[in-house]
Amino acid sequence: MSSSMSVEEPVRRIALVAERRLVGQAIAAALRGRSLAPVLFEWPERGGRLSFRQGLARSGASVGVILCDLRTPDLLHDVELLVSRGPIRWLVLTDSEFGPRWGSVLGAGATGVLPTTTTTAGLAKAIRDTLAGGSPTPAVLKERALREWESVAEEQRELVRRMELLTHREYEVLGSLYDGLSVRRIAEASGVAEATVRSQVKSLRRKLGVDSQLAAVALYRRSLEVFPRARQ
């Protein structure tokens with residue numbers, strides 16, 4: 001390793017976490033020739049976050065890069081958890097366009113967010129800026145992304161509040177309507193009278209504050225961006 005080090009700039013260890021391993025390997029290879037030593041990690045499994053963090057601590061990295069598409073709610077949640085805990089300062093490199101999801105991870109604790117169109121030289125500079133205590137994301141963009149996220153977050157909190165008013169059975173019925181099942185089919189599958197299902201649909205419409213079955217289904221579709229399909 002010492003033969004590849006620059007006298008002026010020692011190799012810096014960087015944690016690299018990629019949703020797609022092949023992409024992570026390509027980025028790691030590109031960074032190695034720029035006095036950076038990326039340590040590639042598998043995407044942390046839900047039950048293995050403790051061992052993942054122990055591995056981060058052993059890596060000696062003070063800055064990390066996360067490669068991920070933020071458009072998937074579960075992955076967005078994973079990234080929020082990763083960046084919310086120190087001591088590593090995280091950069092997020094993503095396919096997602098600038099907007100509220102950038103604000104989400106910035107608000108959770110990310111030092112900066114960059115598009116995947118960023119060149120290797122640009123990423124290396126962003127890493128060095130972060131190592132020096134700065135951020136590659138301009139303050140004006142951070143503020144804008146955070147404002148957009150706060151606006152969306154308020155709408156999402158209201159959507160969650162409405163959905164949580166439904167009983168488990170009403171939520172199941174609404175999911176079946178979303179899947180295209182008729183009231184009759186839902187009743188047959190559940191072994192109850194159609195009148196019972198119609199009563200449940202009427203109740204869930206009232207709780208959601210909508211005046212049609214179609215509007216209730218549209219609200220359910222929006223809710224899938226906030227929390228997983230299966231509700232416990």
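Residues numbered from 1 in each chain as written. Predicted model: local features only at pLDDT ≥ 70, side-chain atom pairs only at ≥ 80, totals over all residues. Heavy atoms only, no water.

A. Here's a closer look at the packing of aromatic side chains. Within the structure shown, the criterion is met by four aromatic pairs. Look at Phe 41 and Phe 52: their rings are 5.7 Å apart centre to centre, the planes differ by 75°, and that puts the pair in the edge-to-face class. With Phe 41 in strand 2 (residues 36-41) and Phe 52 in helix 2 (residues 49-59), the pair connects residues that are eleven residues apart, well separated along the chain. With a relative accessible area of 14%, Phe 41 lands in the buried category. (Phe/Tyr/Trp six-rings, centres within 6.5 Å; stacked < 30°, edge-to-face > 60°. Helix = DSSP H or I, 4+ residues; strand = E, 2+ residues; numbered from the N terminus. Buried < 20%, exposed > 50% of the residue type's maximum accessible area, 1.4 Å probe, protein only.)

B. Expanded view of the side chain of Ser 96. Within the fold, Ser 96 resides in the loop between strand 4 (89-94) and helix 4 (100-108). Under the relative-accessibility criterion, Ser 96 is labelled buried at 3%. A polar contact is formed between the side chain of Ser 96 and the side chain of Asp 69, at a distance of 3.1 Å. From its side chain, Ser 96 meets the backbone nitrogen of Leu 70 in a polar contact 2.9 Å long. (Polar contact = N/O pair within 3.5 Å; in protein donor to acceptor, adjacent residues only side chain to side chain.)

C. Looking closely at helix 5 (residues 120-131). Here helix 5 spans 16 Å end to end across twelve residues, near enough to the 16 Å set by a 1.5 Å rise per residue. Among all positions in helix 5, only Leu 123, Ala 124, Ala 126, Ile 127 and Thr 130 are buried. The buried side chains of helix 5 occupy one side of the element, clustering within an arc of 160° when seen end-on. Residues of helix 5 that are buried sit in contact with strand 1 (12-18), helix 1 (21-32), strand 2, strand 3 (63-67), strand 4 and strand 5 (112-115). (Expected span 1.5 Å × (residues − 1). Arc of directions from axis to C-beta. Contact = heavy atoms within 4.5 Å.)

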